[in-house]
Amino acid sequence: MYRLIPLLLLVCFQATSQKLQSPEEYFGYGFGEKFHFHAQVAEYARYVTRTSPTNTRLLPYGKTSEGRDLLVVAFGSPENISRLEDIRKANLQKIGLLDGNAGGDIPAIAMLSYNIHGNEAVNAEVAMQMLYELARPGSAFTEKIFKNTLVLIDPCANPDGLDRYSQWYNRHTGKQPDANPDAIEHKEPWPGGRYNHYHFDMNRDLAWQTQLETRQRVQFYNSWMPHYHGDFHEMGTGSTYFFAPSAKPFHEDFTPFQREFQNLIGEYHKKEFDEKGWLYYTKQNYDLLYPSYGDTYPSYNGAVAMTYEQGGSGTAGLAYLRPTGDTLTLKDRMLHSRSTSKAALEAVSEHAAAIKEAFARYFNDAARNGYGPYKSFVMKGREGSIKALAQLLDRLEIRYSFAGAKKSLNGFSYQSQKKDNFVLEPNDLIVNTYQPKGVMTKILFEPHTMLEDSNTYDITAWALPYAYGLEAYGLEQKIEGGAYTAVPETGAPAAAVYAYALKLGSFDDYRFLASALKNGIRTRVQPEAFQVNKKVFPAGTVIFVREGDNAFEAKIKQALQATPAALEPLYSGMVESGLDLGLEDVRTVPAPRIGVLMGTGLSPTGFGDVWHFFDQQIDYPVTLLDNKALGAINLAAYDVLVFPGGRYDKSVTESHALKEWVNKGGRMILLEDACGAFAGVDGYELKEKQSTEKKADLSRKYGEASRKAISDMIPGAIYEVKLDNTHPLAYGYGSSMYMLIKEANNYENLVYGWNVGVLGAHKSGFVGSNAQKGLKDATVFGVQNKGRGKVIYLTESPIFRGFWYTGKALFANAVFFVK
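Rules used in this analysis
Residues numbered from 1 in each chain as written. Predicted model: local features only at pLDDT ≥ 70, side-chain atom pairs only at ≥ 80, totals over all residues. Heavy atoms only, no water. Helix = DSSP H or I, 4+ residues; strand = E, 2+ residues; numbered from the N terminus. Rg over C-alpha atoms; globule rule 2.2 N^0.38 Å. Buried < 20%, exposed > 50% of the residue type's maximum accessible area, 1.4 Å probe, protein only. Areas by Shrake-Rupley, 256 points an atom, 1.4 Å probe, with all protein chains shown as cover. Lys, Arg positive; Asp, Glu negative; His and termini not counted. Charge placed at Lys NZ, Arg CZ, Asp CG, Glu CD. Axes fitted to C-alpha atoms, helices over the stretch in contact; angles between N-to-C directions. Parallel < 35°, antiparallel > 145°, perpendicular 65-115°, else oblique. Left-handed = near helix turned anticlockwise from the far one by under 90°. Contact = heavy atoms within 4.5 Å. Nonpolar A, V, L, I, M, F, W, Y, C, P; charged D, E, K, R; others polar. Salt bridge = Lys/Arg side-chain N within 4 Å of Asp/Glu carboxyl O. Pairing = 2+ DSSP bridges. Core = buried A, V, L, I, M, F, W, Y, C linked by side-chain atoms within 4.5 Å. Polar contact = N/O pair within 3.5 Å; in protein donor to acceptor, adjacent residues only side chain to side chain. Phe/Tyr/Trp six-rings, centres within 6.5 Å; stacked < 30°, edge-to-face > 60°. Lys NZ or Arg CZ within 6 Å of the ring centre and 35° of its normal.

Chemist: Run through the overall build of the chain, naming residues and quoting values.
Modeler: For the chain, the helix and strand inventory stands at 26 helices and 33 strands. The globule rule puts the C-alpha radius of gyration for 819 residues at 28 Å, and the 29 Å found for the chain is close to it. Each principal axis of the C-alpha distribution contributes one length, and for the chain these read about 100 × 75 × 60 Å. When the 819 residues of the chain are sorted by exposure, 58% land in the buried category. Roughly 33,500 Å² of accessible area belongs to the chain as shown, and the carbon and sulfur atoms make up 50% of that amount. The positive charge centre, built from 87 side chains, and the negative charge centre, built from 91, are 1 Å apart in the chain.

Right, here's the structure in full:
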């Protein structure tokens, strides 16, 4: 008998130790008393899955740029958890995204994603609450949900941003939080925790997948294709709570079922809010148009998807005294978002059959019948641009093919904006909507976005053919192609190579250029067209010369291994027509020493676009410089300084040392608002237009002010930009390119400098009537000669959000060739 006592004690201890602890019990803090770090969130997720193995499963899906774990926890009945992989595959089979017979019924799949914006930190706290709620044994709530629903919880989609915020906040608050808005704990410093490591807003990146975290997250999402997706956020401290139904505009391709469910789920959410007197609102501010949000990307992939916004964000901290006299606490915020999280799952569970039916219909109807007025899209252009677009389509799991034999066709021309005859040629890219993701295809390729309301939250045009700089046609019939026809590679050079020529045809060419410069390959650039062996090379052709370098071939080989490029061997420095390679006018291209300004006052995302461009896209070294310390920097150590958009102090814009640095040969690249900061300053040619004196409008109504303000706006529209492609800034381009225009241009054309890019025809997206008036022939890209240096004005960013592929080469030209 005595021998059994230790065994019984051990059994009792193990049973007790396996009791699931709430986050408060596990970490030792009260509900809403502390912001946790990401490592703690991940630790608690692992703890929950260890403690509740029969109804949970940990699903790691990647790492962030700073090495933090990305993970999802799956919840369901023991039966569904045991067949988790079968459910995942069956769901994809039912919608044609995976071969095979789906067999029987599967549960509805609901996914809740938290903390895509790191400083909206209530969401990681709520996520842990939901991990506990869903794993808690004996819960009537989960028993009901798990009967027909599988739940996926992503507790933190932006771990790097969360830790940037939580580490800062926890260092600046004392034993008790200070609700006084003046307290330092409510003054989050630049750049804030909203963004990821590279300062990208990942809630604008889902369709474009420029960021490491987004690519992994979308790959996970596409491997599951949830039927419902909830995307949890925060907004300003003066706001209350937003949930569906969303604001207009809805994209025209939202199905009636998706629209109806917006209203239905709102009924579920409002119950507890009404019972407890919590303030909220619907149908305002947050629309469903731009395809790269956490609600629209899932919606365009067939799901019912919602945005949730709690008032507070990074400013609120643990407690914040509002002007109304009430104190907003973290506890309040957690209660609200926990309520909507649970209500959303209830809504999905109670309508699971209808959701699954509508979801399957979304994909299968498109695959069977095609979708939209244009059933096929044909793209022509440079091989590198075609391949770059195909890579994005692979990530989106949109199917495509390539043309074989030539064929005469007729379709809507993206260039002329009317129906035109054209010839389908080998290796033209073909995408048709007769596929499961036919609706998503239509939305991303549509030449014009239909707006039911012009008061929208983000850009209103994004057509991929424009973004990739491709000639494109929309066809009303289905056409198909086959595999890409590879061009046979040329053999090794027959004799000793004098130099290699590189025609600038795609952004990959600039990656090779960056690699070559880092490897010390002597580089020159031809300012004019030239001819060798009856082959014409355009102005801007890059020449890599041997010039006595015994390691020349080895360096070229090493650079090609890093980035393949279509190099053409030249066997002499003499050309048949044009400038011989050794002429002084064929300028050398030294490896530039580059500084990028950052810090307080500047746009975090504008800076992030630049930093990511160099660090991840062309892998070229730059030095990041604090714009507030520019006066203490040895400018002579840099050849190029990049000024992202933002507010610059007079100590920068009026700096005598900066002007002298330019006069001696330095190059300034000013992006977006940085152009305005320097406009009108002595020594800089760019000037704002003189505004005409406004007269009083006695018909103006206060209640119509916000609506009328839209006429002055360009929330993001696509324009043709006419280019002077003889200028180094436009090397590698034709006579025009396409750009996203996001601001009403208010600058005079340069009188003495070069207006390299001038606004042309409007192609797609909303432009306010008043804004249109000042846009005719506006300078988008200009270059001022200043002493021996240059000031390059890029009034719109050609590298916006990292997804506007066709602009990247122009920014690279500004860095490497404008001298």
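Picking up after the structure, the text goes on.
Chemist: Account for the packing of helix α18 (residues 507–518) against helix α19 (residues 552–562), naming residues and giving values.
Modeler: Axis separation between α18 and α19 bottoms out at 9 Å; the angle between their running directions is 140 degrees. Of the possible angle classes, the one that applies to α18 and α19 is oblique. Along this stretch, α18 crosses α19, giving a crossing that reads as right-handed. Here α18 contributes Phe512, Ser515 and Ala516 to the contact with α19, which in turn contributes Ile556, Ala559, Leu560 and Ala562. Among the residues making up the contact of α18 with α19, the classes are represented as 6 nonpolar, 1 polar and no charged.

Chemist: Summarise the pattern of salt bridges; cite the residues concerned and give the values.
Modeler: In this structure the tally under the stated criterion is 44 salt bridges. Ionic pairing is found between Asp428 and Lys380, a salt bridge with its closest N-O pair at 2.7 Å. Of this pair, Asp428 sits in the loop between β15 (419–424) and β16 (429–432) while Lys380 sits in strand β12 (residues 376–380), placing them 48 residues apart in sequence. In this structure, Asp428 and Lys380 share a single accessibility class: buried. Here Lys555 and Asp549 are joined by a salt bridge, their closest N and O atoms 3.0 Å apart.

Chemist: A description of the sheet that holds β16 should follow, citing residues and the corresponding values.
Modeler: Spatial strand order, β13-β16-β12-β17-β14-β15: 6 strands in an open sheet with antiparallel pairing. With one partner strand each, in any of the chains shown, β13 (401–402) and β15 form the two edges of the open sheet. Pairing between β13 and β16: 2 bridges, direction antiparallel. Residue pairing across strands places Ser401 opposite Ile430, the latter belonging to β16. Against the sheet, helix α15 (residues 383–396) contacts β12, β13 and β16, and its axis sits at roughly 30 degrees relative to β16.

Chemist: Explain the nonpolar core to me, and be specific about the residues and the numbers.
Modeler: Side chains that are nonpolar tend, in soluble globular proteins, to be buried together. Counting residues in hydrophobic clusters, the biggest one holds 145 residues, and the most contacted among them are Phe544, Phe614 and Phe811. At 8 residues, helix α26 (residues 805–816) tops the list of elements feeding residues into this core. Sequence-distant contacts of Phe614, defined by excluding residues within four places in its chain, comprise Ile594, Val596, Asp619, Tyr620, Val622, Val642, Phe811 and Val815. The next biggest cluster of nonpolar side chains, apart from the first, holds 62 residues, and it includes Leu134, Cys156, Tyr241 and Ile265.

Chemist: Residues and numbers for the side chain of Thr795, please.
Modeler: Looking at where Thr795 falls in the secondary structure, it is placed in the loop between β33 (789–794) and α26. Among the polar contacts listed, one links the side chain of Thr795 to the side chain of Asn745, at a separation of 3.5 Å. If we ignore the near neighbours within four places in the chain, the residues touching Thr795 are Glu672, Cys675, Asn745, Tyr747, Thr779 and Val780.

Chemist: Give a description of the pairing of β33 that names residues and reports values.
Modeler: By the criterion of burial, β33 is predominantly enclosed, with 6 of the 6 residues buried. Alternating residues of β33 divide into Gly789, Val791 and Tyr793 and Lys790, Ile792 and Leu794, and every residue in both groups is buried. Alignment of strand β28 (residues 667–671) against β33, held across 5 bridges, turns out to be parallel. Looking at β33, one finds that Ile669 is bridged to Ile792.

Chemist: I'd love a proper account of unusual backbone geometry, names of residues and values included.
Modeler: Cis peptide bonds are those with omega within 30 degrees of zero, and the linkage from Ala244 to Pro245 qualifies with 10 degrees. Relative to the helices and strands, Pro245 is located in the loop between β6 (241–242) and β7 (247–250). Of note, the amide linkage connecting Lys248 to Pro249 takes the cis form, showing an omega dihedral of 10 degrees. Considering the arrangement of structural elements, one finds Pro249 in strand β7. Phi at His199 is positive, roughly 65 degrees, even though this residue is not glycine. By secondary structure assignment, the location of His199 is in the loop between α8 (159–171) and α9 (212–224). What makes His199 buried here is its relative accessible area of 6%. The phi angle at Ser313 is positive, at roughly 60 degrees, despite the residue not being glycine. One can find Ser313 in helix α12 (residues 313–316). Overall, the relative accessible area of 13% leaves Ser313 in the buried class.

Chemist: Kindly report on the sheet that holds strand β18 (residues 499–502), identifying the contributing residues and their values.
Modeler: Strand order in the open sheet formed by 5 strands is β23-β18-β22-β19-β24, with antiparallel pairing between adjacent strands. The sheet is open, and its two borders are formed by β23 (568–570) and β24 (587–588), each paired with just one other strand. When β18 meets strand β22 (residues 542–545), the two strands line up antiparallel, connected through 4 bridges. Directly across from Tyr500, in β22, lies its bridge partner Phe544. Those strands touched by α18 are β18, β19 (523–525) and β22, and its axis lies near 30 degrees from that of β22.

Chemist: For the packing of helix α10 (residues 256–276) against helix α14 (residues 352–369), give the residues involved together with the corresponding values.
Modeler: As a packed pair, α10 and α14 sit with axes 10 Å apart at the nearest point and diverge in direction by 150 degrees. Considering the angle they form, α10 stands roughly antiparallel to α14. α10 and α14 meet at a crossing whose hand is left-handed. Residues Phe257, Gln258 and Phe261 of α10 form the contact with α14, whose own contacting residues are Ala354, Ile355, Ala358 and Tyr362. Along the lines of polarity and charge, the residues of the contact of α10 with α14 split into 6 nonpolar, 1 polar and no charged.

Chemist: Could you give an account of the packing of aromatic side chains, with specific residues and numbers?
Modeler: Evaluated as defined, the whole model comprises 62 aromatic pairs. A ring pair is formed by Trp168 and Tyr169, whose centres lie 6.3 Å apart and whose planes are at 65 degrees; its orientation type is edge-to-face. Each member of the pair, Trp168 as well as Tyr169, carries the same accessibility label: buried. Relative to Tyr280, the ring of Phe273 lies with its centre 5.7 Å away and its plane at 80 degrees, an arrangement referred to as edge-to-face. Judged by its relative accessible area of 0%, Phe273 is buried. By relative accessible area, which is 28% here, Tyr280 ends up partly exposed. Ring-pair connections join several aromatic residues into one group, and the members of that group are Tyr468, Phe507, Tyr510, Phe613, Phe614, Tyr731, Tyr805, Phe811 and Phe817. Seen from the ring of Phe537, Lys503 lies directly overhead, with NZ or CZ sitting 5.1 Å from the centre.

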